[in-house]
Amino acid sequence: MALLCSAETLSQGQVVAAIYETMIRPEQFDRFTADPQNASSAALFASGRQPQGRRRTAPVLQAHFARAAEIQAQQWQRAGQPHPGAYSGNCSRFWLLADSSVNGGILNASQPAARQVTGGMALPEALGLTQAAADRWADYLAQVRRGNFSWEDVLLLAARGAGERFLCRPVCLSGSGGASVAVMAERLGGIWHREAAERVAKALGLQQPDFEALKDAMESSRGKVDCRLERAAERAGAPGVAELIRLISFLVNEHSLDLAIAKGERLPPSGTFADSSGQRSQYFRLGAETGQPVIFLHGMLDGIAPLQRLQPELRRLGFRVYVPMRRGYGGSAPLRRGQDPADAFVKQLEALITHENLQRPVLLCHRGGALFGCLATSRLNSPVAGLVAVASNFSISPPRQFSGLGGHAWLMALGAARVNWMLPVLMQCWSAALRWHGPKTLLRMKTLRGSKERAMLEQLELQPLLRQSQMLFQEQGGAGFQGDVQLFRQGAQTALPERSARSVFVHGGEDQLAPLSAVRGMLRGLPEARLCVSRDAGALLFYVFPELVLTALQDISAASGGRS
């Protein structure tokens, strides 16, 4: 299994997906209804040919821009070749087309924009422009009325909302019976995040002068953009400055959100679904919008933190990840009295697969989630592409298993294994210990004092991420943990799959809670399983050696025939 190298930039797949996302939009159909000069330029670009004198420095990206323009032209044809004033505004994006005449108003707008600009309020005020931006807006409309403008003009105007700015450009309306020129204003959301912007610029092949010009334009948003961005657009293979700014803004916003999720500054997007018995479950979405589907099966106490911190890498590698909260965890309904946890879990997973229409997902399991993963490969009606189990722990029964623990961790483990009535009290004690000693307490308990793993743990900035995940898992007072205990007391034999799937078990040689010998014994019943051991890792393998996990995930995905 080859080691995965960590990257400081975005993947080409991310950039390509963003090109199609930002190019194929109805509000940009004016590319095909422009004056003859602009129409010929649009046709030239859509054909993939390069204008005379223009440098072709990003042929792959330019080819995708051209393909996106071709798809957009096909959609325009299917829509009946609508005039700019007749585009469909049925989308969540904020844009409007403003008449440039003295008494002009709104010619077209998306639904969010239409709701905001109603009521007779002046347009700059309704858009929330700063006073300086409002003055430049008025000045530019006056220039357009006098004909003192260029079709290549691009303006960035600052709004009062945090990180909000408007991308403005002229739009030809010849033959419409109204004004001959209008101005399109598109809202670009997201605060300018320098770390994310540098990675985006690197992925686009921009040079330092290009980045500085881009930074000045985005941070100031004080009118017409610098002509230096034309060279940046050429270097990135974009058809123009507006397309470049739109693409970069989208990627910076996407990557900055990924970084915020990875640092625990915000939770991933979430949703709910109902199983066949009507019980609702909460699930989170991580990774990319398209690609190989992955279902993450969390452990009993670690939550989603170890995977959440890998959000940028998951998107870069093209994994779209779904994280269902088992019954009693997060916002998922608790188990009913006497309900079999195994049956409830299988129903939940089947419902998620149906809800999201997942085709051959990979099951990624952490700690106790491996028991549920083996259960799923045996009982699911839907086929899975394979299973990756990280630092697997299949049982809580043998008392000798807890010899490496101390304090609250030892009491929790003993209570889970032997004394069911103590669990609610122990959960309260555990929660108090986390508040008193900090969110890293649980992880430290799993490592040996003086070990390499303990030293690596102390170097990681995990507090906000762990605190967020632990609060999520305590929402129902430990109902999920108590439900899992019912299944774990039965041990691994209850989950040995009747039919096996391609599996990779990644384990730490220093894991004291789930010794390597126990995992080897479990794998004797799984003929298609492969064991990969990291000698320096212990129970925290997912945290300290995440590249091993991602590499195993890539291997399983590739072996199953690639992305679906």
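Residues numbered from 1 in each chain as written. Predicted model: local features only at pLDDT ≥ 70, side-chain atom pairs only at ≥ 80, totals over all residues. Heavy atoms only, no water.

### Examining the overall build of the chain
Working step 1: From N to C terminus, the chain includes 23 helices and 14 strands.
Working step 2: Counting across all 564 residues of the chain, residues that qualify as buried make up 56%.
Working step 3: If you take every contact in the chain between residues at least 6 apart in sequence, the share linking residues at least 24 apart comes to 71%.
Working step 4: Summing over all exposed atoms, the chain offers an accessible surface of approximately 23,600 Å²; the carbon and sulfur share of this is 50%. (Helix = DSSP H or I, 4+ residues; strand = E, 2+ residues; numbered from the N terminus. Buried < 20%, exposed > 50% of the residue type's maximum accessible area, 1.4 Å probe, protein only. Contact = heavy atoms within 4.5 Å. Areas by Shrake-Rupley, 256 points an atom, 1.4 Å probe, with all protein chains shown as cover.)

### Notes on the packing of helix H1 (residues 12-23) against helix H3 (residues 59-78)
Working step 1: Axis separation between H1 and H3 bottoms out at 9 Å; the angle between their running directions is 30°. Relative to H3, the element H1 lies roughly parallel. Remark: the crossing between H1 and H3 carries right-handed chirality. Counted together, Gln12, Val15, Val16, Ile19, Tyr20 and Met23 of H1 and Val60, Leu61, His64, Phe65, Arg67, Ala68, Ala69, Ile71 and Gln72 of H3 form the full contact between these two elements. (Axes fitted to C-alpha atoms, helices over the stretch in contact; angles between N-to-C directions. Parallel < 35°, antiparallel > 145°, perpendicular 65-115°, else oblique. Left-handed = near helix turned anticlockwise from the far one by under 90°.)

### Quick look at the confidence of the model for the chain
Working step 1: Per-residue confidence for the chain averages 84 on the pLDDT scale, and 83% of its residues sit at or above 70.
Working step 2: The low-confidence segment residues 399-406, where pLDDT is below 50, has 16 contacts with residues more than four positions distant or belonging to other chains. (pLDDT = per-residue confidence, 0-100.)

### Digging into the packing of aromatic side chains
Working step 1: All chains considered together, the criterion is met by 10 aromatic pairs.
Working step 2: Seen from their ring centres, phenylalanine 29 and tyrosine 87 are 5.8 Å apart, and the 85° between their planes marks the pair as edge-to-face. Here the residue phenylalanine 29 occupies a position in the loop between H1 and helix H2 (36-46), and tyrosine 87 occupies one in the loop between H3 and strand S1 (95-99), the gap between them amounting to 58 residues. There is no split in this pair, since phenylalanine 29 and tyrosine 87 are both buried.
Working step 3: With 6.1 Å between their ring centres and 85° between their planes, phenylalanine 296 and phenylalanine 542 make a pair best called edge-to-face. Placement of phenylalanine 296 in strand S9 (residues 292-297) and of phenylalanine 542 in helix H22 (residues 541-544) is noted, with a sequence separation of 246 residues between them. (Phe/Tyr/Trp six-rings, centres within 6.5 Å; stacked < 30°, edge-to-face > 60°.)

### Let's talk about the side chain of aspartate 484
Working step 1: Following the sequence through the fold, aspartate 484 ends up in helix H20 (residues 479-488).
Working step 2: At 2.7 Å, the side chain of aspartate 484 and the side chain of arginine 326 are in polar contact.
Working step 3: Residue contacts for aspartate 484: discarding those within four places in its chain leaves Met300, Arg326, Tyr329 and Phe372. (Polar contact = N/O pair within 3.5 Å; in protein donor to acceptor, adjacent residues only side chain to side chain.)

### Structural notes on the side chain of threonine 22
Working step 1: Assignment of secondary structure puts threonine 22 in helix H1.
Working step 2: A relative accessible area of 2% places threonine 22 in the buried class.
Working step 3: A polar atom in the side chain of threonine 22 sits 2.8 Å from the backbone oxygen of alanine 18.
Working step 4: With sequence-adjacent residues up to four places away left out, threonine 22 is seen in contact with Gln28, Arg246, Leu247 and Phe250.

### A word on the nonpolar core
Working step 1: Of all hydrophobic cores here, the largest spans 85 residues; its most connected members are Leu307, Val321, Val323, Leu364 and Tyr543.
Working step 2: In this structure, leucine 307 is in contact with Leu286, Phe296, Leu314, Val321, Val323, Leu364 and Phe542, ignoring residues within four places of it in sequence.
Working step 3: With 42 residues, the next largest nonpolar core counts Ala201, Leu214, Val225 and Ala242 among its residues. (Core = buried A, V, L, I, M, F, W, Y, C linked by side-chain atoms within 4.5 Å.)

### Some details on the sheet that holds strand S7 (residues 270-274)
The strands making up a sheet are joined through hydrogen bonds of the backbone, oriented either antiparallel or parallel.
Working step 1: Strand order in the open sheet formed by eight strands is S7-S8-S10-S9-S11-S12-S13-S14, with mixed pairing between adjacent strands. Two strands close off the open sheet at either side, each with one partner strand: S7 and strand S14 (529-534). Strand-to-strand, the axes of this sheet are offset by a mean angle of 25°, without reference to chain direction.
Working step 2: The pairing of S7 with strand S8 (residues 280-287) spans five bridges and is classified as antiparallel. Bridge pairing in S8 places phenylalanine 273 opposite serine 281.
Working step 3: Contacting S9, strand S10 (319-324), strand S11 (362-366), strand S12 (386-390), strand S13 (503-508) and S14, helix H23 (residues 546-559) runs over the sheet at an angle of about 170° to S12. (Pairing = 2+ DSSP bridges.)

### Here we look at H23
Working step 1: For H23, with 14 residues, the first-to-last C-alpha span of 20 Å sits near the 20 Å given by 1.5 Å per residue.
Working step 2: The first or second residue beyond H23 is glycine 561, which carries a positive phi of 105°. (Expected span 1.5 Å × (residues − 1).)

### Here we look at the sheet that holds strand S2 (residues 106-109)
Working step 1: Here six strands make up an open sheet; going across it, the order is S2-S1-S5-S4-S3-S6 and the pairing antiparallel. The open sheet has two edge strands with one neighbour each: S2 and strand S6 (222-224). Neighbour-to-neighbour, the strand axes of this sheet turn through a mean angle of 25°, independent of strand direction.
Working step 2: Strand direction decides the pairing type here: S1 and S2, joined by three bridges, are antiparallel. Pairing of alanine 98 across the sheet is with isoleucine 106, part of S2.
Working step 3: Helix-sheet contacts for helix H6 (residues 131-146) involve S1, strand S3 (155-158), strand S4 (165-172), strand S5 (181-188) and S6, and the interaxial angle to S5 is about 155°.
Working step 4: Docked against the sheet, helix H10 (residues 241-262) engages S3, S4 and S5, running at close to 150° with respect to S4.

### Considering unusual backbone geometry
Working step 1: Despite not being glycine, arginine 360 has its phi angle at roughly 50°, a positive value.
Working step 2: Note on placement: arginine 360 falls in the loop between helix H13 (341-356) and S11.
Working step 3: Classification of arginine 360 by relative accessible area gives partly exposed; the value is 38%.
Working step 4: Although it is not a glycine, arginine 367 sits at a positive phi angle of roughly 50°.
Working step 5: Mapped onto the elements of the fold, arginine 367 is located in the loop between S11 and helix H14 (369-379).
Working step 6: By relative accessible area, which is 4% here, arginine 367 ends up buried.

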